[in-house]
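Listed below, chain by chain, are the residues.
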Amino acid sequence: MKTGVNQLTTHHPTVAVIDLQAYRENIGRLKSLAKNSEFMAVIKTNAYGHGIVKMGMEAIQAGAQRLGVTSVEEGLLLRKNKITVPIHILSAVMPERAADIVAQNLTASISSKKLAAAISGEAVKQNRPAPVHLKINTGLHRFGIPPGEAVEFCAEVYDLPGLYWEGIYTHFSSADDGEWRKTEKEFNSFKETVSRLNKHGFYFPVQHVGGSTITIERPDMHLDMVRPGIALFGYPPDARQNDLIDLKPVMTLKTKVLLLKELPVNTPIGYGGSYVTPANEKIAIIPIGHGDGYQRTFSNNGEMLIRGQRVDIIGTISLDQTIVNVTHIPDVREGDEVIIIGRQKGDEIHAREVAGWANTIVDEVLASLLERIKRVYV
Ligand SMILES: *Cc1c(COP(=O)(O)O)cnc(C)c1O
């Protein structure tokens, strides 16, 4: 018998419907922009909320040669599900994870001597060479070796036994913002670093720098591999890219009207009574809340679609419920479909619009949606 959250949500009306055909087409379009480079599908953070295992398998079917994640756990989960392509851990990890990384043939990003030594030690112990990629920091200042220290770093770690230095990469700080001068500076710094390393005898066959934005806008920076993430799911990182590629949102987040109520004028609604009915109003209770990752900042500040019409979120969003104003929809019924993100009858609530309500980006809106929202693949 199933236990826990999944059992509880089996009959819950709130679901994220994942359109696999749209996903495959998005991958096809992105791939056709980078025909001469390898294609890594970045499916970190539960595939930006879409479900990592399914999206990993489908990405490979659609032609991705590699997968990118950010935690060892995600990598192990993919291996457990019989995915055999190279899986890259695109973040710093604790050296204690070296045993699992080597045993499951995950490709670590190296930016510390400790991790390099730990992986080398495990590779020798397990008698299994470990592919690694050197991470250079060109401006994001998250992790990675500063360009000026790269030669010295390699002098210490490159010849450690058991390591196969397959690649070298960086991740830009400001490409999504279209700051090309800064990005070109980072790119040049990366290229110079690679040449300098080559001169000292340190070689890295696979060089890569670009996520979705670079894949879409800068073919001159594709190098040996591209690494798009959010674009796979139908969202270019910035709206300016809509003209350059036709991508389709993969997720529709929907539910049903749980309950309808008529309230008289001057009725405070929800915790704290942050909304007070200015007239007699009809409200609908919608079964999604900030406990699902539907952010509390949407309180009195967002919309959904019912019967093709926009309805305002009123009052404070609670853990499991949101209230909307349906006064202007006379024929609304309990059980009606509610679109939270997606299309209904010619109107669309785009994840980018939702992100705007919270002054955030699409990535956060999607990746925030928790596991208890059932993913339905069609
Ligand atoms: C997240 C990430 C990507 C993908 O970025 P998108 O902007 O979502 O395409 C690529 N590379 C690295 C190193 C990342 O961390």
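Keep in mind that what you see is a predicted model, and the values were worked out from it rather than measured. (Residues numbered from 1 in each chain as written. Predicted model: local features only at pLDDT ≥ 70, side-chain atom pairs only at ≥ 80, totals over all residues. Heavy atoms only, no water.)

**Overview of the packing of helix α8 (residues 150–157) against helix α9 (residues 180–199)**
The relative placement of two packed helices is expressed as an angle between their axes plus a distance between the axes. The criterion, for reference: To obtain an axis, a line is fitted to C-alpha atoms, over the contacting stretch when the element is a helix, and the angle between two such axes runs from 0 to 180 degrees between their N-to-C directions. A run of H or I in DSSP counts as a helix once it spans at least four residues, and a run of E counts as a strand once it spans at least two, with each numbered from the N terminus. Angles are sorted into four bins: roughly parallel if under 35 degrees, roughly antiparallel if over 145, roughly perpendicular if 65 to 115, and oblique for all others. Should the near helix be turned anticlockwise from the far one by less than a right angle, the crossing is termed left-handed; should it be turned clockwise, right-handed. A contact between two residues is defined here by any heavy atoms of the two lying within 4.5 Å.
Closest axis-to-axis distance for the α8/α9 pair is 9 Å, and the angle between their directions is 45 degrees. For the element pair α8 / α9, the angle class is oblique. Considering the relative orientation of α8 and α9, their crossing is right-handed. Contact residues: α8 offers Ala150, Val151 and Cys154, while α9 offers Thr193, Arg196 and Leu197.

**Some points on the domain arrangement of the chain**
Put simply, the test is: Residue ranges assigned to the domains are those given by an automatic or database domain assignment. Salt bridges are counted wherever a side-chain nitrogen of Lys or Arg sits within 4 Å of a carboxyl oxygen of Asp or Glu. Each residue receives one of three labels: charged for Asp, Glu, Lys and Arg, nonpolar for Ala, Val, Leu, Ile, Met, Phe, Trp, Tyr, Cys and Pro, and polar for the others, Gly being one of them.
When its domains are assigned, the chain resolves into domain 1 (20–237) and domain 2 (251–377). One C-alpha centre belongs to domain 1, the other to domain 2, and the line joining them spans 38 Å. Taken residue by residue, the interface counts 13 residues in domain 1 and 12 residues in domain 2. Between the two partners, domain 1 and domain 2, sit 0 salt bridges. Those elements that place two or more of their residues in the side of domain 1 that touches domain 2 are α3 (44–48) and α4 (52–61). Partitioning the side of domain 1 that touches domain 2 into residue classes produces 7 nonpolar, 5 polar and 1 charged.

**Examining the site of the ligand**
Which entries qualify depends on this criterion: We call a residue near a molecule or strand when any one of its heavy atoms sits within 4 Å of it. Here a polar contact means two N or O atoms within 3.5 Å. Within protein one must be a hydrogen donor candidate and the other an acceptor candidate, and residues neighboring in sequence count only if both atoms are side-chain atoms. All accessibility values rest on the Shrake-Rupley procedure with a 1.4 Å probe; residue burial counts only the protein chains present in the view.
Around the ligand, a shell composed of 13 residues is seen, among which Lys44, Tyr48, Ser212, Arg227 and Gly229 lie nearest. At a separation of 2.8 Å, an oxygen atom of the ligand approaches a polar side-chain atom of lysine 44. In this structure, an oxygen atom belonging to the ligand sits 2.5 Å away from a side-chain N or O atom of serine 212. When the ligand sits alone it has 380 Å² of accessible area, and the protein chains cover 94% of it. Classifying every residue of the shell around the ligand gives 6 nonpolar, 4 polar and 3 charged.

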